[in-house]
Amino acid sequence: MMLSWKQLILLSFIGCLGGELLLQGPVFIKEPSNSIFPVGSEDKKITLNCEARGNPSPHYRWQLNGSDINLSMEYRYKLNGGNLVVINPNRNWDTGSYQCFATNSVGTIVSREAKLQFAYLENFKTKMRSAVSVREGQGVVLLCGLPPHSGELSYAWIFNEYPSFVEEDSRRFVSQETGHLYIAKVEPLDVGNYTCVVTSLVTNARVLGSPTPLVLRSDGVMGEYEPKIEVQFPETLPAAKGSTVKLECFALGNPVPQINWRRSDGLPFSTKIKLRKSNGVLEIPNFQQEDAGSYECIAENSRGRNVARGRLTYYAKPHWVQLIKDVEIAVEDSLYWECRASGKPKPSYRWLKNGEALVLEERTQIENGALTISNLNVTDSGMFQCIAENKHGLVYSSAELKVVASAPDFSKTPMKKLIQVQVGSEVSLDCKPRASPRALSSWKKGDVPLQETERISFLKDGGLKIANVTKADAGIYTCIAENQFGKANGTTHLVVTEPTRITLAPSNMDVSVGESVILPCQVQHDPVLDIMFTWYFNGALTDFKKDGSHFEKVGGSSSGDLMIRNIQLKHSGKYVCMVQTGVDSVSSAADLIVRGSPGPPEDVKVDEITDTTAQLSWKEGTDNHSPVISYSVQARTPFSVGWQTATTVPEVIDGKTHTATVVELNPWVEYEFRVVASNKIGGGEPSLPSERVRTEEAVPEVPPSDAGGGGGSRSELVITWDPVPEELQNGEGFGYVVAFRPVGVTNWIQTVVTSPDTPRYVFRNESILPFSLYEVKVGVYNNKGEGPFSPVTTVFSAEEEPTVAPSQVSANSLSSSEIEVSWNAVPWKLSNGHLLGYEVQYWNNGEEESSSKLKVAGNVTSARLRGLKSNLEYYTAVRAFNSAGTGPFSATVNATTKKTPPSQPPGNVVWNATDTKVLLNWEQVKAMENESEVTGYKVFYRTVSQNNVQVLNTNKTSAELLLPIKEDYIIEVKATTNGGDGTSSEQIRIPRITSWPNL
């Protein structure tokens with residue numbers, strides 16, 4: 001196609017703009033959606049959204065029902081950005097379909113259609129309604145008679161007075177399609193006034209119709225009759241994909257009919273289908289194509305049945321499967337744009353350009369939704385929209401077509417400045433300038449034009465390929481790109497280098513855990529190339545920062561040696577040294593075998609168990625590249641401290657043996673076993689424990705330890721022992737055989753103690769003499785038989801409790817809180833046992849039941865009672881006690897605690913000091929009536945460096961202390977009384993005297 005000079009200028013201008021101004025056609029961010037405006041709403045405006053992005057920013061216009069809206073009518077419309085604000089909406093003028101148009105210098109797009117509807121609900125027109133007269137047992141329909149309205153409604157009926165609403169059940173039904181009330185069979189309790197209540201689901205407004213009286217006729221009762229279906233769904237009902245479909249069905253009849261549903265094709269209902277209102281409503285949520293078909297409502301009673309049928313048909317609004325996308329195409333090329341949508345019925349397609357219907361011509365064709373434009377020119381640029389539509393809706397897809405015409409330009413896709421290749425390789429030099437239409441390319445090396453040869457070939461995309469490169473191919477290569485709008489050059493410097501070679505490669509190695517090794521990797525490379533070493537371990541790149549504790553790269557500029565410190569088993573594997581330059585890469589691999597102590601043996605089993613042995617077997621674990629030399633067995637019980645080495649047969653288990661017998665086990669104990677393998681590196685990790693097993697029962701072998709006894713009450717023989725631990729009881733039914741006899745008697749008396757945890761046995765008999773010597777021993781037994789006895793030992797029978805009370809008991813008050821009690825010791829013979837001590841009981845106010853007790857040792861004949869209340873009479877009695885019990889109390893004596901010392905401290909303490917003495921004076925302390933009389937004073941003094949306090953007693957209110965004043969003294973004074981010392985004065989600090997003035 002020949003272009004005019006004006007077109008060429010325009011194309012050049014557009015090409016310049018394309019490089020500097022990033023123009024973008026409008027793209028909707030927000031589009032208007034269907035709206036319902038409640039008539040009478042307090043809100044006096046409604047906003048339809050429209051927002052688009054683009055460069056330059058788009059401007060907007062709107063259409064209503066296909067006609068432009070006059071936005072200059074500011075009292076009716078306002079444009080807020082792209083949003084259209086309708087002021088004081090009016091249902092007569094503003095109802096309809098709205099579309100938004102967004103335009104900038106690139107083009108125009110049009111939004112989807114948005115319907116604006118007005119919702120209102122007016123009052124009922126009919127003022128009075130005639131009475132409906134029916135026989136009892138007859139069915140009846142009460143008509144609602146809808147008022148003028150727009151928008152979705154709901155219906156209810158009031159019975160007689162608000163708020164008594166009709167309750168729906170199998171006999172009564174309110175249709176949400178017609179609003180009518182249906183009563184299948186009228187009963188006397190139905191007589192009354194019925195009022196239809198209509199509510200707008202949009203505005204929430206509610207209006208009431210006039211009451212309809214329902215009365216019974218007096219000419220008899222209606223007989224039984226078969227169901228008559230009064231509420232049924234249409235024969236054909238279209239249902240949208242994803243919607244909720246509700247089918248109503250209700251019948252009059254006597255008896256009251258039962259409603260049931262089914263599909264005509266016999267298919268079962270899906271689980272999502274719900275039956276509501278006593279089966280009067282069939283609800284299908286999220287309607288899909290498989291829900292379409294014929295449905296039947298069956299009304300049935302004892303007089304017959306009736307069936308209503310209807311078909312649900314499925315439809316779906318168009319939904320995009322393939323959208324169109326922005327495209328940039330060179331002038332004179334062809335465009336093929338395809339948009340595809342799904343829907344039922346199948347959508348049809350139409351195209352818009354800049355908001356107007358696309359005009360078809362010879363080079364512009366539409367087929368099955370696909371748009372083809374051949375031999376493009378710049379005037380074809382603009383905003384295009386594909387519209388897919390069926391009778392249920394339509395969808396828009398928008399995109400920009402940019403037809404470009406420009407001379408070749410390397411600024412966006414420059415050629416590589418430098419390409420490095422090695423001798424003998426193949427190289428391709430790219431030449432891809434931006435050009436519309438595509439440029440033709442030619443090449444030169446230096447100043448010499450290139451021609452195709454066996455090694456040099458020109459590529460279809462304008463590039464140059466050189467095979468089997470030699471040193472002579474190095475140099476500057478220039479690509480000259482040209483089309484009808486101009487030409488441009490690009491250059492690449494080709495550098496040819498020698499190949500890289502590894503001169504010292506890593507070799508296979510065999511090491512032990514804990515050693516350190518170096519894997520060498522040294523190369524010879526072209527000096528003009530930078531070189532980089534990388535290591536791979538078992539295919540993964542080595543991270544020297546993360547694994548720095550083990551891996552380190554060492555060596556010079558031509559060396560990438562790998563040092564591995566403190567090698568572990570996990571380091572076994574394949575190591576690859578990769579050497580890379582800007583031109584080539586080489587690699588070399590080596591296997592590193594790390595030998596370590598064995599892994600844990602596997603599958604340890606107990607094959608056979610006896611009372612003292614266990615037969616074990618196991619499987620060999622990993623040997624970690626060093627053969628197993630030996631195995632050892634460890635055992636654990638609930639009574640052991642951790643795992644213990646077990647004795648086995650054979651005693652030494654070699655590495656090829658995988659069975660052993662564990663011996664010297666305790667009978668009737670739960671054991672776990674594990675096995676440890678060893679090789680020349682050392683011992684490995686233990687196996688997982690075997691299953692817990694219990695050895696068989698056996699006769700007990702260990703008697704109780706520390707058998708003895710003694711003590712107890714009169715006529716008792718107490719025998720004690722340390723119970724045998726559970727792990728040594730050897731079986732169930734474990735107990736003790738206790739045997740005893742007086743010293744010198746031949747026959748043993750035996751008894752059985754059945755509790756294995758019991759540590760003592762008490763034998764009671766009046767014939768037992770106090771403190772008599774017995775021989776005792778304790779044996780063991782279980783269900784398997786009797787075991788050994790402990791060694792025979794001697795114990796004394798219980799002592800006789802004291803029979804004599806202490807004499808000469810006296811009580812003496814020491815202070816306001818202390819009384820001292822004394823007595824004469826009771827007579828006692830060693831043959832009667834051991835006197836343990838005395839018990840002093842004391843109380844006040846005659847309340848012996850709440851007495852306190854104090855015990856002292858047997859050789860003590862006095863006790864001091866402390867913590868008593870002041871000026872209070874206390875009573876006390878004393879008795880002796882031994883291991884058999886206590887003797888009789890002595891006669892009761894009493895003493896009264898003294899009054900408390902004065903609470904007033906000595907006041908106004910003054911002092912005078914010389915270098916050898918201190919003179920003190922203070923005020924007299926006067927006791928209160930309830931306090932002890934002052935008998936004197938105590939002066940407490942010490943140096944600041946000492947803790948030992950010295951005391952001076954005086955009956956005066958002054959004192960003289962002979963003290964060398966070489967350091968500071970602390971002094972305080974207390975009054976003394978029969979009830980104890982009084983409150984201390986404030987501490988006085990007397991400083992040391994360093995020198996005395998000359999008098």
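Residues numbered from 1 in each chain as written. Predicted model: local features only at pLDDT ≥ 70, side-chain atom pairs only at ≥ 80, totals over all residues. Heavy atoms only, no water.

Named according to an unreviewed UniProt entry, the protein chain is Contactin-3 isoform X2 originating from Physeter macrocephalus. Among the UniProt annotations of the protein chain, the heading Subunit (unreviewed entry) holds the following wording: "Interacts with PTPRG." What the UniProt record of the protein chain gives under Sequence similarities (unreviewed entry) is the line "Belongs to the immunoglobulin superfamily. Contactin family." (UniProt positions renumbered as here; feature names shortened; annotations may be inferred.)

Quick word on the overall build of the protein chain
Summing up its helical and strand segments, the protein chain has one helix and 92 strands in all. Computed over its C-alpha atoms, the radius of gyration of the protein chain comes to 58 Å, more than 25% above the 30 Å expected for a compact globule of 999 residues. Out of the 999 residues in the protein chain, the part that is buried amounts to 41%. Taking as baseline every contact in the protein chain between residues at least 6 positions apart, the subset at least 24 positions apart corresponds to 64%. The protein chain carries 96 positive and 111 negative side-chain charges, and their two centres are separated by 7 Å. (Helix = DSSP H or I, 4+ residues; strand = E, 2+ residues; numbered from the N terminus. Rg over C-alpha atoms; globule rule 2.2 N^0.38 Å. Buried < 20%, exposed > 50% of the residue type's maximum accessible area, 1.4 Å probe, protein only. Contact = heavy atoms within 4.5 Å. Lys, Arg positive; Asp, Glu negative; His and termini not counted. Charge placed at Lys NZ, Arg CZ, Asp CG, Glu CD.)

Focus on the pairing of strand 88 (residues 950-954)
In this sheet, strand 88 lies alongside strand 87 (residues 934-943) in antiparallel orientation, the contact comprising five bridges. Within the sheet, the bridge partner assigned to Val-939 lies in strand 88 and is Leu-952. Once strand 87 ends, the chain turns through six residues before running back antiparallel as strand 88. (Pairing = 2+ DSSP bridges.)

Looking at the layout of surface pockets
Here the second largest pocket is characterised by a volume of approximately 450 Å³. What lines the second largest pocket is a set of 20 residues, among which Glu-152, Gln-176, Glu-177, Lys-246 and Glu-248 lie closest to the centre. Looking at side-chain class alone, the lining of the second largest pocket contains nine nonpolar, four polar and seven charged residues. (1 Å grid on protein atoms, 1.4 Å probe; cavity = no way out; pocket = protein on both sides within 12 Å on 5 of 7 lines; lining within 4 Å. Points joined across faces, edges and corners; volume = space filled by probe spheres on them. Nonpolar A, V, L, I, M, F, W, Y, C, P; charged D, E, K, R; others polar.)

Description of the sheet that holds strand 63 (residues 647-649)
Pairing is antiparallel in the open sheet, where four strands are placed in the order 59-60-65-63. Sheet topology places strand 59 (602-609) and strand 63 at the edges, where each strand pairs with a single neighbour. Across the sheet, the axes of successive neighbouring strands diverge by a mean angle of 35°, strand direction being ignored. (Axes fitted to C-alpha atoms, helices over the stretch in contact; angles between N-to-C directions.)

Side note on the sheet that holds strand 45 (residues 456-458)
With respect to topology, three strands assemble into an open sheet ordered 41-46-45, the strand pairing being antiparallel. With one partner strand each, in any of the chains shown, strand 41 (427-429) and strand 45 form the two edges of the open sheet. Going from strand to strand, the sheet's axes swing by 20° on average, the running direction of each strand aside. Note that strand 41 and strand 46 (residues 464-466) share three bridges and pair antiparallel. By the bridge assignment for strand 46, Ser-428 is matched with Lys-465.

Some remarks on the UniProt feature "domain: Fibronectin type-III" (unreviewed entry) in the protein chain
Feature annotation in UniProt places "domain: Fibronectin type-III" (unreviewed entry) on residues 600-698, 703-800, 805-900 and 901-998, given in this structure's numbering. Its end C-alpha atoms 34 Å apart, residues 600-698 is made of 0% helix and 49% strand. End C-alpha atoms of residues 703-800 are separated by 32 Å, and the span's content is 0% helix alongside 50% strand.

Notes on the state of the cysteines
Taken as a whole, this structure holds six disulfides when the rule is applied. What pairs with Cys-249 in a disulfide is Cys-297, and their sulfur atoms sit 1.8 Å apart. Measuring handedness by torsion sign, the sulfur bridge of Cys-249 and Cys-297 sits at about -75° and is left-handed. With Cys-249 in the loop between strand 23 (245-248) and strand 24 (250-254) and Cys-297 in strand 28 (residues 293-301), the pair connects residues that are 48 residues apart, well separated along the chain. Disulfide pairing places Cys-431 opposite Cys-479 at an S-S distance of 1.9 Å. With the S-S bond torsion at -70°, the cross-link from Cys-431 to Cys-479 turns out left-handed. Placement of Cys-431 in the loop between strand 41 and strand 42 (434-436) and of Cys-479 in strand 47 (residues 475-483) is noted, with a sequence separation of 48 residues between them. Note on Cys-479: relative accessible area 0%, which makes it buried. (Disulfide = S-S within 2.5 Å.)

Points about the packing of aromatic side chains
Counted according to the given criterion, the structure contains 22 aromatic pairs. When the centroid spacing of 5.8 Å and the interplanar angle of 80° are considered together, the rings of Tyr-162 and Phe-165 count as edge-to-face. What makes Tyr-162 exposed here is its relative accessible area of 55%. Arranged with centres 4.6 Å apart and planes meeting at 25°, the rings of Phe-537 and Tyr-575 form a pair that is stacked. (Phe/Tyr/Trp six-rings, centres within 6.5 Å; stacked < 30°, edge-to-face > 60°.)

Regarding unusual backbone geometry
Geometrically, the link from Tyr-162 to Pro-163 is a cis peptide bond, its omega value of 5° lying close to zero. Relative to the helices and strands, Pro-163 resides in the loop between strand 15 (153-159) and strand 16 (172-174). Residue Pro-650 follows Val-649 across a cis peptide bond; omega there is 0°. Take Pro-650: it is sitting in the loop between strand 63 and strand 64 (653-654). Of note, the phi angle at Asn-65 is positive, near 55°, even though the residue is not glycine. Along the chain, the position of Asn-65 falls in the loop between strand 5 (59-64) and strand 6 (67-68). Of note, Asn-468 is a non-glycine position whose phi angle comes to about 50°, a positive value. Along the chain, the position of Asn-468 falls in the loop between strand 46 and strand 47. Under the relative-accessibility criterion, Asn-468 is labelled partly exposed at 46%.

Thoughts on the pattern of salt bridges
Where charged atoms from two side chains of opposite charge come close, those side chains can pair. Summed over the entire model, instances satisfying the criterion amount to 42 salt bridges. Residues Glu-283 and Arg-276 are paired through a salt bridge, measuring 2.9 Å at the closest nitrogen-oxygen approach. A residue is classified by how much of its surface remains accessible, and Arg-276, at 38% relative accessible area, is partly exposed. A salt bridge links Lys-938 to Asp-981; its shortest N-O distance comes to 3.3 Å. Taken together, the positions of Lys-938 in strand 87 and Asp-981 in strand 91 (residues 980-981) put the pair 43 residues apart, joining distant regions of the chain. Given the relative accessible area of 22%, Lys-938 is considered partly exposed. Residue class for Asp-981 comes out partly exposed when judged on its relative accessible area of 32%. Through salt bridges that share partners, Arg-636, Glu-670, Glu-672, Arg-692 and Arg-694 make up one connected network. (Salt bridge = Lys/Arg side-chain N within 4 Å of Asp/Glu carboxyl O.)

Let's talk about a nonpolar patch on the surface
Together, Val-743, Leu-773 and Phe-796 line one region of the surface with nonpolar side chains, adding up to about 240 Å² of accessible area. As for its position among the elements, Val-743 is in the loop between strand 71 (735-742) and strand 72 (749-753). (Patch = residues over 30% accessible without salt bridge, like charges linked within 9 Å, V, L, I, M, F, W, Y side chains within 5 Å. Areas by Shrake-Rupley, 256 points an atom, 1.4 Å probe, with all protein chains shown as cover.)

Topic: the confidence of the model for the protein chain
Averaged over all residues, the pLDDT of the protein chain equals 90, while 97% of them reach at least 70. Confidence drops under a pLDDT of 50 for residues 1-20, and excluding neighbours within four residues, the segment shows 14 contacts in the predicted structure. (pLDDT = per-residue confidence, 0-100.)

Remarks on the side chain of Asn-390
Its location among the elements puts Asn-390 in strand 37 (residues 382-390). Side-chain polar atoms of Asn-390 contact the backbone oxygen of Pro-345, separated by 3.0 Å. Look past the residues within four positions of Asn-390 in its chain and what remains in contact with it is Ala-316, Lys-317, Pro-318, Gly-343, Lys-344, Pro-345 and Pro-347. (Polar contact = N/O pair within 3.5 Å; in protein donor to acceptor, adjacent residues only side chain to side chain.)

A look at the side chain of Ser-35
Within the secondary structure, Ser-35 is located in strand 2 (residues 35-38). A polar contact is formed between the side chain of Ser-35 and the backbone oxygen of Ser-33, at a distance of 3.2 Å.

Observations regarding the environment of Gln-422
Within the secondary structure layout, Gln-422 lies in strand 40 (residues 418-422). When its relative accessible area of 18% is taken as the criterion, Gln-422 is described as buried. Put simply, Gln-422 and Glu-498 are 76 residues apart on the chain and 5.5 Å apart in space, counted from C-alpha to C-alpha. Those residues within four positions of Gln-422 in sequence are excluded, and the remaining contacts are Val-469, Val-496, Thr-497, Pro-499, Val-583 and Asp-584.

A look at the environment of Ala-407
On the secondary structure map, Ala-407 appears in strand 39 (residues 406-409). Residues Ala-407 and Asn-483, spaced 76 residues apart in sequence, show a C-alpha to C-alpha distance of 6.4 Å. The contacts of Ala-407, once residues within four sequence positions are left out, are Arg-434, Ala-435, Asn-483, Phe-485 and Gly-486.

Description of the environment of Asp-623
With respect to the helices, strands and loops of the structure, Asp-623 is situated in the loop between strand 60 (614-619) and strand 61 (628-636). Exposure remark for Asp-623: the relative accessible area of 30% places this residue in the partly exposed category. Residues Asp-623 and Ser-678, spaced 55 residues apart in sequence, show a C-alpha to C-alpha distance of 9.0 Å. Not counting chain neighbours up to four residues away, the residues in contact with Asp-623 comprise Gly-596, Pro-598, Val-628 and Asn-679.

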